[in-house]
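Structural overview for review
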Amino acid sequence: MKYKLAVFDLDGTILNTLDDLADSCNHVLEEFNFPVHSTEKIKYFVGNGVPKLIERAVPDGLKNPDYEKVLSRFIEYYEKNSSIKTRPYDGIIDLLNQLKQNNVLLAVNTNKIEEAAVILCNKYFPGIFSFISGGKKENRPKPAVDGFNEIFSRTNGISLNECVHIGDSDVDIRTGKNAGIDVIGVSWGFRGKEFLLANGAEKVAHNTKELLTLLSS
């Protein structure tokens, strides 16, 4: 294998979480009598963490006097409803198992709140990931490199040129570049091939077989 550490984004990369995110967001918006959004629109709200999702979803964003209440309520509601429609993308579990069998350390670096990320990874990928870094107060969200650095600091004897960051969005592309490591975009997530290429992706995989080839060669 070309890499010794493969760091994956979560939403839109290994798990299709969009429907549960959209349903939870709209449920909370309805509770506050705010307009709801289509799933397609919410897809473009996701990627920069929950606070930014809610900022984009509520009328007037951060200026809305109920912003903090909506944010708090979303966190509470989504934690209990995060795995109703969520599923791994086709081929992901086989890919991760192949990498693990080839002694590649696997990690998740996500802007999703860490508690929710851990719950989802334990449910869908038990025993697969050695490290999970998610959204929390002490870390700046991606594309800052705090999450990656947290993961990297716990590896022994691995160099930056043996690491790769894999994700479906411009945020992931910038995170990898900011960290000084290789980056691979995946086109099956929330943004798509053309968006990734327009935002600096040099390599884009269209399915898990292509991704495995890029990780191996």
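Residues numbered from 1 in each chain as written. Predicted model: local features only at pLDDT ≥ 70, side-chain atom pairs only at ≥ 80, totals over all residues. Heavy atoms only, no water.

Description of the environment of E40
Relative to the assigned elements, E40 resides in helix 2 (residues 39–43). Along the chain, E40 and R140 lie 100 residues apart, while their C-alpha atoms are 27 Å from each other. Within polar-contact distance, the side chain of E40 engages the side chain of K43 at 3.2 Å. (Helix = DSSP H or I, 4+ residues; strand = E, 2+ residues; numbered from the N terminus. Polar contact = N/O pair within 3.5 Å; in protein donor to acceptor, adjacent residues only side chain to side chain.)

Some details on the nonpolar core
Taken as a class, soluble globular proteins show a tendency for nonpolar side chains to be buried jointly. The biggest cluster of nonpolar side chains holds 54 residues, and the ones touching the most others in it are F8, F129 and L211. Counting residues in each nonpolar core, the second largest holds 11 residues, with L5, V7, A179 and I181 among its members. (Core = buried A, V, L, I, M, F, W, Y, C linked by side-chain atoms within 4.5 Å. Buried < 20%, exposed > 50% of the residue type's maximum accessible area, 1.4 Å probe, protein only.)

Regarding the environment of L18
The topology assignment puts L18 in helix 1 (residues 18–31). The exposure class of L18 is buried, given its relative accessible area of 11%. Here the alpha-carbon distance between L18 and K43, two residues 25 residues apart in the chain, equals 6.6 Å. Aside from chain neighbours lying at most four places away, what touches L18 is T39, I42, K43 and F190. (Contact = heavy atoms within 4.5 Å.)

Some remarks on the pattern of salt bridges
Taken as a whole and judged by the stated rule, the model has 14 salt bridges. The closest approach of N and O atoms between E162 and K4, which form a salt bridge, is 3.3 Å. Note that E162 is positioned in the loop between helix 7 (146–152) and strand 6 (163–167) and K4 in the segment before strand 1 (5–8), a separation of 158 residues in sequence. Residue E162 is classed as buried on the basis of its relative accessible area of 17%. Taking the relative accessible area as the measure of exposure, K4 reaches 41% and is therefore partly exposed. Taken together, the shared-partner salt bridges in this structure form one network comprising D9, K142 and D172. (Salt bridge = Lys/Arg side-chain N within 4 Å of Asp/Glu carboxyl O.)

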